[in-house]
Amino acid sequence: MVEKHKVLIMRCESYDVEKIAGIIKEGMEKLNAIPSGNILLKPNVVMAHKEFFPHAFTRPEFVDGVITATKEMAKDVKEISVGERSGITIPTRYNFKQAGYPEVIKKHGVKTYYFDEVKHVPFKFEKDVNLRKNMFFPKPIVDCDFLINLPKFKAHPWTRLTLSLKNFIGIQDDKHRLVDHNSFLEHKIADLQEVIQPKFIAIDGIIAGQKMMLTPTPFDMGAIVMGTNSCAVDTVCAHMVNVDPNDVIHLKLTAERGFGPINLEEITVLGDFPLEEMQKKTRDFQFCMEHIDSYFDTSPNLSCTVGTFPEKHSPDYCWGGCPGSLQESMHIFRAFYPEIEKEMGKVRYVVGKVEGPLNLEKNERVIFAGDCTSWEGKIDGEHVKIENAYKTTSEVDEKKAKSNDLQKKIISATLHGLFNKKRYIHMKGCPTSVAQHVNYLSSMAKIPNINFDSRLVFGVNTSYYRMRFNRFFNHLLR
Ligand code: SF4
């Protein structure tokens, strides 16, 4: 008889390093997960800032506890390291600092890999289901013997949940990360599992995140979830918040490829926090899987016109692309300037293939978002034609992927906004990123640009130039 995958749900009410270390050690013992060789810890630090993004990342106390347990349990260690690539093009070293990681890393004398600074190497894919034949990954990922995956338990506005499988989006640098980060995002997450599988997973669910991924609303979950198979762990986590695992599309796709179970009957759930008790506790756990036209329906100055989309598997919406970036960017604006939606100028956001008049209000400006967007009509008496420039997956060459460099994007978007004298603008790309949205919204809605906010500008730019220098240096060495 095939042995069932084991998943542990353990109680943990606070970020007490000693307690976390004890729980992780117990988990490693029960799951017989003994780290060895090149051991790489992959947390979720998509974004970190004590004031603006306090709940977006795996907490440093959690990482501290896991390193403590790893050191006690590991055998034949060659190296212990912590590696990650943050989101929205912000340098990872900036977010690590904001998250309080350098102190933990120094305390334990382990290595750091900022995946935006290390060399990326190609990895070949061979299955028909794979989106492409090659993808690029940081060398430390490909070289590691024992990957410890440390996601933050969060809802996600594009993929419903971000857990063990989704945390792999952070193993690629921006240049490659944004390739297929559109309606194929769920397929891409499934592909990423083929590169490497974690040998131990510990999810930081002590304070979980609801609704958004960058600016989640905290939820006092009080749990650590552990396992050795991503599908099994994500299946149990979905049940923990009363979600049918089949509604987490990347989990369904990954399970279909034989990477693990999606049925609870195939998993042994252990630990001191019964699943049923957790399900009662999370009855009101909140998600945000709303289309942007209804999501911003009550916003006084932002409205959305959503058309149709090019791919057959998702013609009515593009989960994973531009619409989600709009939501996240507006949440970032709200975090910095709580009254922004009242203060901003009127903006219409148009995405997808849209037909018919836009019926714009006086002074309402228009952002046409993304390469797949098309529209033809009159604005201020002028004939306007926005043409679809969407490329299918096979037309996008991952070897020629654009850099998505933070400074380049800020400069080009700022100049585009500055020289645009019209009431409308076309923000190009597939996807258009959260960072692009921040820039275009700022120029079209006449609101402050967060990229130039004094609370961010010095730290982010210092980290950016250090990142550029180290990336250059690392590429020379190898
Ligand atoms: S341009 Fe944006 S909305 Fe259109 S397919 Fe690409 S990511 Fe999706």
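The shown structure was predicted, so the numbers you read here are calculated from the model rather than taken from an experiment.

Reading guide: rules and limits
- Residues numbered from 1 in each chain as written.
- Predicted model: local features only at pLDDT ≥ 70, side-chain atom pairs only at ≥ 80, totals over all residues.
- Heavy atoms only, no water.
- Patch = residues over 30% accessible without salt bridge, like charges linked within 9 Å, V, L, I, M, F, W, Y side chains within 5 Å.
- Areas by Shrake-Rupley, 256 points an atom, 1.4 Å probe, with all protein chains shown as cover.
- Salt bridge = Lys/Arg side-chain N within 4 Å of Asp/Glu carboxyl O.
- Helix = DSSP H or I, 4+ residues; strand = E, 2+ residues; numbered from the N terminus.
- Buried < 20%, exposed > 50% of the residue type's maximum accessible area, 1.4 Å probe, protein only.
- Domains from an automatic or database assignment.
- Contact = heavy atoms within 4.5 Å.
- Buried area = accessible area lost by both parts, 1.4 Å probe.
- Polar contact = N/O pair within 3.5 Å; in protein donor to acceptor, adjacent residues only side chain to side chain.
- Nonpolar A, V, L, I, M, F, W, Y, C, P; charged D, E, K, R; others polar.
- Near = heavy atom within 4 Å.
- Core = buried A, V, L, I, M, F, W, Y, C linked by side-chain atoms within 4.5 Å.
- Right-handed = clockwise from strand over helix to strand, strands pointing away.
- Pairing = 2+ DSSP bridges.
- Phe/Tyr/Trp six-rings, centres within 6.5 Å; stacked < 30°, edge-to-face > 60°.
- Lys NZ or Arg CZ within 6 Å of the ring centre and 35° of its normal.
- Axes fitted to C-alpha atoms, helices over the stretch in contact; angles between N-to-C directions.
- Parallel < 35°, antiparallel > 145°, perpendicular 65-115°, else oblique.

Draft legend 1. Structural context of a nonpolar patch on the surface. Side chains of Ile411, Leu415, Leu418 and Phe419 sit close together on the surface and give an oily, nonpolar patch of about 440 Å² of accessible area. With respect to the element layout, Ile411 can be found in helix H14 (residues 406–419). By relative accessible area, which is 47% here, Ile411 ends up partly exposed.

Draft legend 2. How the structure looks around the domain arrangement of the protein chain. Partitioning the protein chain into domains gives domain 1 (5–281) and domain 2 (292–392 + 404–447). Spacing between the C-alpha centres of domain 1 and domain 2 amounts to 31 Å. Of the residues lining the interface, 20 residues belong to domain 1; the matching set on domain 2 comes to 23 residues. Taken together, both faces of the contact between domain 1 and domain 2 bury some 2100 Å²; the carbon and sulfur share is 67%. On the surface where domain 1 and domain 2 come into contact, there are zero salt bridges. Along the contact surface separating domain 1 from domain 2 lie five residue pairs in polar contact (both at pLDDT 80 or more). At the level of elements, helix H6 (174–177) and helix H7 (185–192) are the ones that each hand at least two residues to the side of domain 1 that touches domain 2. Along the lines of polarity and charge, the residues of the side of domain 1 that touches domain 2 split into 12 nonpolar, six polar and two charged.

Draft legend 3. Highlighting the site of the ligand. The full set close to the ligand counts 13 residues, and Cys318, Cys322, Asp371, Cys372 and Cys430 are the nearest of them. Take the shell around the ligand: its biggest share by element is three residues, from strand S16 (residues 365–379). When grouped by side-chain class, the residues that make up the shell around the ligand number eight nonpolar, four polar and one charged.

Draft legend 4. Spatial organisation of the nonpolar core. Counting residues in each nonpolar core, the largest one holds 107 residues, and the members touching the most others are Phe153, Met221, Met240 and Tyr349. Among the elements that take part in this core, helix H8 (residues 230–240) stands out by supplying seven residues, more than any other. Here this core spans two domains, since at least three of its residues come from each of domain 1 (5–281) and domain 2 (292–392 + 404–447). Excluding its chain neighbours within four sequence positions, the residues that come into contact with Met221 are Phe153, Gly205, Ile206, Ala208, Met240, Val241, Phe273, Met278, Lys281, Thr282 and Phe285. If you look at the next biggest cluster of nonpolar residues, it comprises 39 residues, including Ile23, Leu31, Val63 and Phe146.

Draft legend 5. Spotlight on the pairing of strand S2 (residues 36–43). Summarising burial for S2: six of the eight residues are buried, a large majority. After leaving S2, the chain enters helix H2 (residues 60–73) and then returns to the sheet as strand S3 (residues 75–84), a path that is right-handed. For S2 and strand S7 (residues 146–150), the ladder comprises five bridges, and the chain directions are parallel. Its bridge partner being in S7, Leu41 is matched across the sheet by Ile148.

Draft legend 6. Region of the structure containing the packing of aromatic side chains. Throughout the structure, instances matching the rule amount to 16 aromatic pairs. A centroid spacing of 5.3 Å and a plane angle of 70° characterise the contact between Phe123 and Phe125, whose relative ring orientation is edge-to-face. A relative accessible area of 23% places Phe123 in the partly exposed class. Among the aromatic residues, those joined into a cluster by ring pairs are Phe153, Phe219, Phe285 and Phe287. One cation-aromatic arrangement involves Arg59 over Tyr15; the distance from NZ or CZ to the ring centre is 3.9 Å.

Draft legend 7. Region of the structure containing unusual backbone geometry. The residue after Cys430, namely Pro431, is reached through a cis peptide bond having omega 5°. Positionally, Pro431 belongs in the loop between strand S18 (424–427) and helix H15 (434–445). Look at Asn359: it is not a glycine, yet its phi comes out positive at around 50°. Mapped onto the elements, Asn359 comes out in the loop between strand S15 (347–353) and S16. Relative accessible area serves as the criterion here: at 64%, Asn359 is assigned to the exposed category. Although it is not a glycine, Lys446 sits at a positive phi angle of roughly 55°. Considering the arrangement of structural elements, one finds Lys446 in the loop between H15 and helix H16 (457–477). Take Lys446: its relative accessible area is 63%, and that puts it in the exposed class.

Draft legend 8. Representation of the packing of helix H3 (residues 92–99) against helix H4 (residues 101–108) within the structure. The N-to-C vectors of H3 and H4 enclose an angle of 85°; their axes lie 5 Å apart at closest approach. Taken together, the axes of H3 and H4 are roughly perpendicular relative to one another. For the pair H3 and H4, contact is made by Phe96, Lys97 and Ala99 and by Tyr101, Pro102 and Ile105, respectively. Looking at the contact of H3 with H4, its residues break down into five nonpolar, no polar and one charged.

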